[in-house]
Amino acid sequence: AQKITQTQPGMFVQEKEAVTLDCTYDTSDQSYGLFWYKQPSSGEMIFLIYQGSYDEQNATEGRYSLNFQKARKSANLVISASQLGDSAMYFCAMREWADTDKLIFGTGTRLQVFP
Amino acid sequence: DTEVTQTPKHLVMGMTNKKSLKCEQHMGHRAMYWYKQKAKKPPELMFVYSYEKLSINESVPSRFSPECPNSSLLNLHLHALQPEDSALYLCASSIQGYSGANVLTFGAGSRLTVL
């Protein structure tokens, strides 16, 4: 069974600074995908970035990058130049290719950006 | 604007009521999902429809009854709910395919309160 661990319940960062949100995962499959979603207080889950298990390069999307360390089974999200609007819950999620209908989420990290 | 539309945004119902949550997408996605999210918890998968057929039921109580009348619509019928069923119900959709890379697009959610 797959498992996602986010060990930081809450993080604080000053505006314009970079922040790293941790995510470790556990799977016996070789083929899988890792996702990060942002959930503002409004409730909607917003897709940020994706990393496939066979991707050799770390994924980047604008201010978001994913620090993928396959051997350590970690997929940390790096947000550069934090903005006040980045304050939200952040969820790491994984889907195994053998079970493509299931996207399973970690417990989340609440990020608060202060001026 | 979100491309997955959920109605109603808020619903208050008694334990003897029958109500429905609705979800609509026009992105041509053939996989649709219901997730339940309790306060300060990650979303938990409830049901998955693939090509209008129920492919996953995560042992959800029968008081929740999903329906997928066509490829654009997904309903969740509610009957005889308990106060502990109060939560944010999130609908999502994705391209169907044998790949872990398919991104789920979420709606803004329906916040349900059971009295």
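Refer to the structure above for everything that follows.
These lines cover the structure that appears in this document, whether it is placed above or below. All residue numbers here refer to positions counted from 1 along the written sequence of the relevant chain. Just so you know, chain letters begin at A and ligand numbers begin at 1, following the order they were written in. Where local features are concerned, this predicted model is filtered to residues with pLDDT of at least 70; where side-chain atom pairs are given and counted, the filter is 80 or more; whole-chain, interface and lining totals use all residues. Excluded from the side-chain calculations are hydrogens and water; all other atoms, namely the structure's heavy atoms, are used.

1. Re the sheet that holds strand 1 (residues 4–7) of chain B
Residues and elements named next belong to chain B.
- Here, strands pair whenever DSSP counts at least two bridges between them. Labels follow the DSSP assignment, with helices taken as runs of H or I lasting at least four residues and strands as runs of E lasting at least two, numbered in each case from the N terminus. What the four strands build is an open sheet, ordered 1-3-8-7; its pairing is antiparallel. At either margin of the open sheet sits one strand with a lone partner, and together these are strand 1 and strand 7 (64–70). Across the sheet, the mean angle separating the axes of adjacent strands is 20° when strand polarity is ignored.
- For strand 3 (residues 18–25) and strand 8 (residues 73–79), the ladder comprises seven bridges, and the chain directions are antiparallel. The residue of strand 8 that forms the bridge with K22 is N75. To obtain an axis, a line is fitted to C-alpha atoms, over the contacting stretch when the element is a helix, and the angle between two such axes runs from 0 to 180 degrees between their N-to-C directions.

2. A short note on the packing of aromatic side chains
- Ring pairs are drawn from Phe, Tyr and Trp, using the six-membered ring of Trp, whenever the two centres fall within 6.5 Å, and their geometry is named by plane angle: stacked under 30 degrees, edge-to-face over 60, tilted for the rest. For the coordinates displayed, the defined rule picks out eleven aromatic pairs over all chains.
- Centre to centre, the rings of B:F64 and B:Y89 are 5.9 Å apart; their planes meet at 35°, and the pair counts as tilted. Placement of the pair is B:F64 in strand 7 and B:Y89 in strand 9 (residues 87–94), with a sequence separation of 25 residues.
- Remark: exposure states derive from per-residue accessible area (1.4 Å probe, protein chains only) relative to the maximum for the residue type, with buried under 20%, exposed over 50%, and partly exposed in between. Among the residues examined, B:F64 registers a relative accessible area of 5% and is labelled buried.
- Note on B:Y89: relative accessible area 0%, which makes it buried.
- A connected cluster of aromatic rings, assembled from ring pairs, spans A:F35, A:Y37, A:F47, A:Y50, A:F91, A:F105, B:Y35 and B:F106.
- Any Lys NZ or Arg CZ that is within 6 Å of a ring centre and within 35 degrees of that ring's normal is treated as a charge sitting over the ring. One cation-aromatic arrangement involves A:R63 over A:Y64; the distance from NZ or CZ to the ring centre is 5.6 Å.

Without other data, these values stay purely geometric and don't point to any function.
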